[in-house]
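Coordinate analysis (summary)
Here's the letter readout for the chains.
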Amino acid sequence: MKAAAAIDGERLWRRHMALAEIGATGKGGVNRQALGADEARARALLAEWAGERGYRVSVDGISNLFVRREGTDPALAPVLTGSHIDSQPTGGRFDGAYGVLAALEALQALDEAGIETARPIEAVAWLNEEGSRFAPGMMGSEAFCNLRPLDDILAVTDRAGVSVADELPRALAATPGAERREIGFPVAAFVEAHIEQGPALERAGLPIGVVTGIQGVRRMRVRVTGEEAHAGTTPPSARRDALWEAARMIDALQRNIHRTEEHRFTVGMMEIRPNVPSVVASEVLFSIDIRHPDSDTLARLEAGVAAICRGASLACDFESWTIAASPSIRFDDRVVDTVEAAAADLGLGHMRIFSGAGHDARQLSHVCPTGMIFVPCEGGISHNEAENATPADLADGARVLAETLVRLAAG
């Protein structure tokens, strides 16, 4: 247990607080949008910390950032560990950032414990996991795993019409001393540490979640098209009110999809045109996020969206489409068992848990054995400026991560 013993919880917490100053919001959270100026500053800080330890820092063509601790056999495929540093506009200090900082802390702990591993270990910060600026998210890990064409990713634009290709040079320039490498390379295993983003661990009074898989998701868009009209002179019978009909559709979708606690339906984004007080809305674009642990159920829910919207439509036209589809996945038994054994050997209470949120680990599971480690977050709150975690829980998760990496990188 030498690696776990060398984890410095105070150092890990200090780095969290330092990183949280970049993009800090007034309510204690962070706003670090993918490929924005604050994310570039965060990248530079990570590279600075890595450079202080003498680690090799590299970036690939989509700006995934890697920090490499060499193994005794550099020819072996590395073990990767990490997460992301972009956030929601009103995000918390720990979502994603914890996985990156726990990875750096684990590398340093292995150094201080004098531990050599046959395989190299690399910490990674993936590009645009959240997808709040450029949708859909998981761009860095999807490019790395060749799950989406690079040209399609580069062409995605934000609401201002700025593309990923336009902003990519800023991210690459944030770490001028970093080596450039190709997108994608052989990986022996990937482990992602993360706050749970739910209440299960806190309710159980346990510090460690051994994640067994991730539930599937469908991210969709619906565009409702009506007609602009004067708010004071147009009677209801003559209106083609896109906002009213969008509201009818959302209500119908909510009632039809939210059948049990396992069914998750969310509308989190809406754009209204012309979006002025005295004009009937002519167009509404809204998002749909549907999640369920069973892939077949998820596919049926997705297939039913158009019929539900059609039944709620009166005078307006509409179209619906899917922008991202991911099935439910199960993590590699060997990695799951290794995480569980590390927690048990450290005497840390733990439970197996299925992730309700999506993570880059989903994408990595397509190319290598993959697993995750959860730690509790206060009240299960995440994607919220009030998101919080304790220094002790973060340190315990890093201890399990360090021991897991030692075992996976043994060669």
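Throughout what follows, the structure given in this document is the object of discussion.

What counts, and where the lines are drawn
- The numbering scheme is per chain: residues are counted from 1 as the chain's sequence reads.
- The predicted origin of the model limits local features to residues at a pLDDT of at least 70 and limits the giving and counting of side-chain atom pairs to 80 or more, whereas totals for whole chains, interfaces and linings rest on all residues.
- The side-chain quantities take in all heavy atoms of the structure and omit both hydrogens and water.
- In this text, helices come from DSSP runs of H or I with a minimum length of four residues, and strands from runs of E with a minimum of two, each type numbered from the N-terminal end.
- Residue contacts are defined here by distance: any two heavy atoms, one from each residue, within 4.5 Å place the two residues in contact.
- Aromatic rings from Phe, Tyr and Trp, taking only the six-membered ring of Trp, are treated as a pair when their centres fall within 6.5 Å; an angle between ring planes under 30 degrees marks them as stacked, one over 60 as edge-to-face, and anything in between as tilted.
- Residue burial is assigned from relative accessible area. The probe radius is 1.4 Å, only protein chains are included, and a residue is buried under 20% of its type maximum, exposed over 50%, and partly exposed in between.
- Comment: the charge-over-ring label is applied if NZ (Lys) or CZ (Arg) is within 6 Å of the ring centre and within 35 degrees of the ring normal.
- Given the number of residues in a helix, its expected span is that number minus one, multiplied by 1.5 Å.
- Under this definition, polar contacts are N or O atom pairs within 3.5 Å; protein pairs additionally need one hydrogen-donor-capable and one acceptor-capable atom, and for neighbouring residues in sequence, both atoms have to be side-chain atoms.
- Note on charges: Lys and Arg go in the positive column, Asp and Glu in the negative column, and His and the chain ends are not counted at all.
- By convention in these notes, a salt bridge is any Lys or Arg side-chain nitrogen within 4 Å of a carboxyl oxygen on Asp or Glu.
- In this scheme, strands are said to pair when DSSP sees at least two bridges between them.

Describing the environment of Glu262
Looking at where Glu262 falls in the secondary structure, it is placed in the loop between α9 (242-257) and β10 (264-266). Along the primary structure Glu262 and Glu385 are separated by 123 residues, whereas in three dimensions their C-alpha atoms are 26 Å apart. Beyond its immediate sequence surroundings of up to four residues, Glu262 is in contact with Gln215, Arg291, His292 and Pro293.

Digging into the packing of aromatic side chains
Applying the stated criterion across every chain yields a total of seven aromatic pairs. Look at Phe66 and Trp126: their rings are 6.0 Å apart centre to centre, the planes differ by 85 degrees, and that puts the pair in the edge-to-face class. Remark: Trp126 occurs in strand β4 (residues 121-126) and Phe66 occurs in strand β2 (residues 65-69); sequence separation between them is 60 residues. Here Phe66 matches Trp126 in class, with each residue buried. Ring centres of Trp126 and Phe190 lie 6.0 Å apart, and the angle between their planes is 65 degrees; on these two criteria the pair is classed as edge-to-face. Of the two residues, Trp126 is situated in strand β4 and Phe190 in strand β6 (residues 189-195); the sequence distance between them amounts to 64 residues. Classification of Trp126 as buried rests on a relative accessible area of 0%. On the basis of relative accessible area, Phe190 is assigned to the buried category, the value being 0%. Members of the aromatic cluster, joined through ring pairs, are Phe66, Trp126, Phe144, Phe185 and Phe190. Over the face of the ring belonging to Trp49 we find Arg15, whose NZ or CZ atom lies 5.4 Å from the ring centre. Across the ring face of Trp244, the terminal group of Arg248 is positioned such that the distance to the ring centre comes to 5.3 Å.

Looking at helix α2 (residues 9-20)
Spanning 12 residues, α2 covers 16 Å between terminal C-alpha atoms, matching the ideal 16 Å at 1.5 Å per step. All buried positions along α2 are accounted for by Gly9, Arg11, Leu12, Arg15, His16, Leu19 and Ala20. One side-chain oxygen of the residue at the start of α2 lies 3.1 Å from the amide nitrogen of Glu10, identifying that residue as Asp8.

Describing unusual backbone geometry
In this structure, Pro136 follows Ala135 across a cis peptide bond, with omega equal to -5 degrees. Cis geometry marks the peptide bond from Arg273 to Pro274; its omega dihedral reads 0 degrees. As for its position among the elements, Pro274 is in the loop between β11 (270-273) and β12 (279-280). The backbone phi angle of Asn128 is positive, close to 45 degrees, even though this residue is not glycine. With respect to the helices and strands, the residue Asn128 is situated in the loop between β4 and α5 (139-144).

Considerations on the side chain of Glu129
Note on placement: Glu129 falls in the loop between β4 and α5. Of the side chains bearing the opposite charge, Arg219 lies closest to the buried Glu129, which forms no salt bridge; the N-O distance is 6.7 Å. Each residue touching Glu129, except ones within four places of it in the same chain, is listed here: His84, Asp86, Gly137, Met138, Gly358, His359 and Asp360.

Remarks on the pattern of salt bridges
Going through the model one piece at a time under the given rule, you end up with 28 salt bridges. A salt bridge links Arg399 to Asp396, with the shortest nitrogen-to-oxygen separation between them at 2.9 Å. Placement of both Arg399 and Asp396 in helix α13 (residues 391-408) is noted, with a separation of three residues, approximately one turn of the helix. On the accessibility criterion, Arg399 (24% relative accessible area) is partly exposed.

Quick look at the pairing of β6
Counting buried positions along β6 yields seven of seven residues, so the element is predominantly enclosed. Covered by surrounding structure in β6 are Ala189, Val191, Ala193 and Ile195 together with Phe190, Glu192 and His194, the residues of both alternating faces. Where β6 meets strand β17 (residues 370-375), six bridges bridge the pair, whose relative direction is parallel. Of the residues in β17, the one forming a bridge with Ala193 is Ile373.

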